[in-house]
Amino acid sequence: MSDETAVRRFAFTVGVRPERREEYLELHRNVWPGVEQALRDANIRNYSIFAIGDVLFGYWEYVGADYEADMARLDADPLSREWLTHTDPCQVRIAEERTPGALWQPMDEIWHLS
């Protein structure tokens, strides 16, 4: 990997609605293969979602050269859009709105050990 495509780390947080928590967890026990492939095609790697109570923390690494184009392609992917019709109703914003309209809100990296 060249310096032009250095790994970029992203972290986000969202709440899960208590009454839909089990539904959300079940969806992620069986993530659709096409959704996983769309994420890979968008140069996302090491994507993890963690939960504690009703709080979710997501982390991924981006390894591409054009983040905006890759995210636009991912946002336009029909299967990924359908996936969100199942997961989004399970979620609720819990952090200040930094990305208008988004449920998952970005977190600032404050420390990293490489």
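Our structure is the block above this text.
Residues numbered from 1 in each chain as written. Predicted model: local features only at pLDDT ≥ 70, side-chain atom pairs only at ≥ 80, totals over all residues. Heavy atoms only, no water.

**Observations concerning the packing of aromatic side chains**
Stated formally: In summary, the pairing rule links any two rings of Phe, Tyr or Trp, Trp by its six-membered ring, whose centres are within 6.5 Å, and it sorts them by plane angle into stacked for under 30 degrees, edge-to-face for over 60 and tilted for everything else. Strands are runs of DSSP state E lasting at least 2 residues, helices are runs of H or I lasting at least 4, and numbering of each runs from the N terminus. Categorising residues by exposure relies on relative accessible area from a 1.4 Å probe, with only protein chains included: less than 20% of the type maximum marks a residue as buried, more than 50% marks it as exposed, and the intermediate range marks it as partly exposed. In this scheme, Lys NZ or Arg CZ marks a charge over a ring once it lies within 6 Å of the ring centre and within 35 degrees of the ring normal.
With the rule as written, the count across this model stands at 8 aromatic pairs. Ring plane angle 10 degrees and centroid distance 4.7 Å describe the contact between Phe 10 and Tyr 67, whose orientation is recorded as stacked. Pair noted here: Phe 10 is in strand β1 (residues 8-16) and Tyr 67 is in helix α3 (residues 67-76), with a separation of 57 residues, a long-range link. Neither Phe 10 nor Tyr 67 differs from the other in exposure class; each is buried. The ring centre of Tyr 67 lies 4.8 Å from the NZ or CZ of Arg 8, which sits over that ring.

**Concerning the nonpolar core**
Quick note on the threshold: We call a set of buried Ala, Val, Leu, Ile, Met, Phe, Trp, Tyr and Cys residues a nonpolar core when their side-chain atoms join them within 4.5 Å. Contacts are residue-level and defined by heavy atoms, with any inter-residue pair within 4.5 Å sufficient.
Judged by nonpolar contacts, the single largest core of 20 residues is most densely connected at Trp 60 and Met 71. Those elements that provide at least two residues to this core are β1, α1 (21-29), α2 (33-41), β3 (55-62) and α3. With 4 residues, β1 is the single largest residue contributor to this core. Beyond its immediate stretch of four places on either side in the chain, Met 71 contacts Ala 42, Ile 44, Trp 60 and Tyr 62.

**Section: the packing of α2 against helix α4 (residues 78-87)**
Condition: The convention used is that axes are lines fitted to C-alpha atoms, helices contributing only their stretch in contact, and that angles between N-to-C directions extend from 0 to 180 degrees. Any angle that is under 35 degrees is reported as roughly parallel, and any over 145 degrees as roughly antiparallel; angles of 65 to 115 degrees are reported as roughly perpendicular and all others as oblique. Less than a right angle of anticlockwise turn of the near helix away from the far helix marks a crossing as left-handed, whereas a clockwise turn marks it as right-handed. Basically, the charged four are Asp, Glu, Lys and Arg, the nonpolar ten are Ala, Val, Leu, Ile, Met, Phe, Trp, Tyr, Cys and Pro, and anything else, Gly included, counts as polar.
Close contact between α2 and α4 brings their axes to 9 Å; oriented N to C, the two are set at 120 degrees. Considering the angle they form, α2 stands oblique to α4. Considering how the two elements wind past one another, α2 and α4 form a crossing that is left-handed. Residue-level contacts link Gly 34, Val 35 and Ala 38 of α2 to Leu 79, Ser 80 and Trp 83 of α4. Grouping the constituent residues of the contact of α2 with α4 by class yields 4 nonpolar, 2 polar and no charged.

**Side note on α4**
Convention followed: Picture the helix axis, draw a direction to every C-beta atom, and the arc is the one those directions span.
Ser 80, Trp 83 and Thr 87 are the residues of α4 that are buried. Seen along its axis, α4 keeps its buried residues to an arc of 55 degrees; they face one direction. Opposite the packed face of α4, turned more than 90 degrees from it, sit the exposed residues Pro 78, Arg 81 and Thr 85. Buried residues belonging to α4 abut α1, α2, α3 and β4 (91-92).

**A word on the environment of Arg 20**
Applied cut-off: The term polar contact refers here to a pair of N or O atoms within 3.5 Å; inside protein, the definition further demands a hydrogen-donor-capable atom paired with an acceptor-capable atom, and it admits residues adjacent in sequence only when both atoms are side-chain atoms.
Mapped onto the fold, Arg 20 is located in the loop between β1 and α1. For the pair Arg 20 and Leu 103, spaced 83 residues apart in the sequence, the C-alpha separation amounts to 15 Å. Apart from the residues within four sequence positions on either side, Arg 20 is in contact with Pro 89 and Cys 90. At 2.9 Å, the side chain of Arg 20 and the side chain of Glu 23 are in polar contact.

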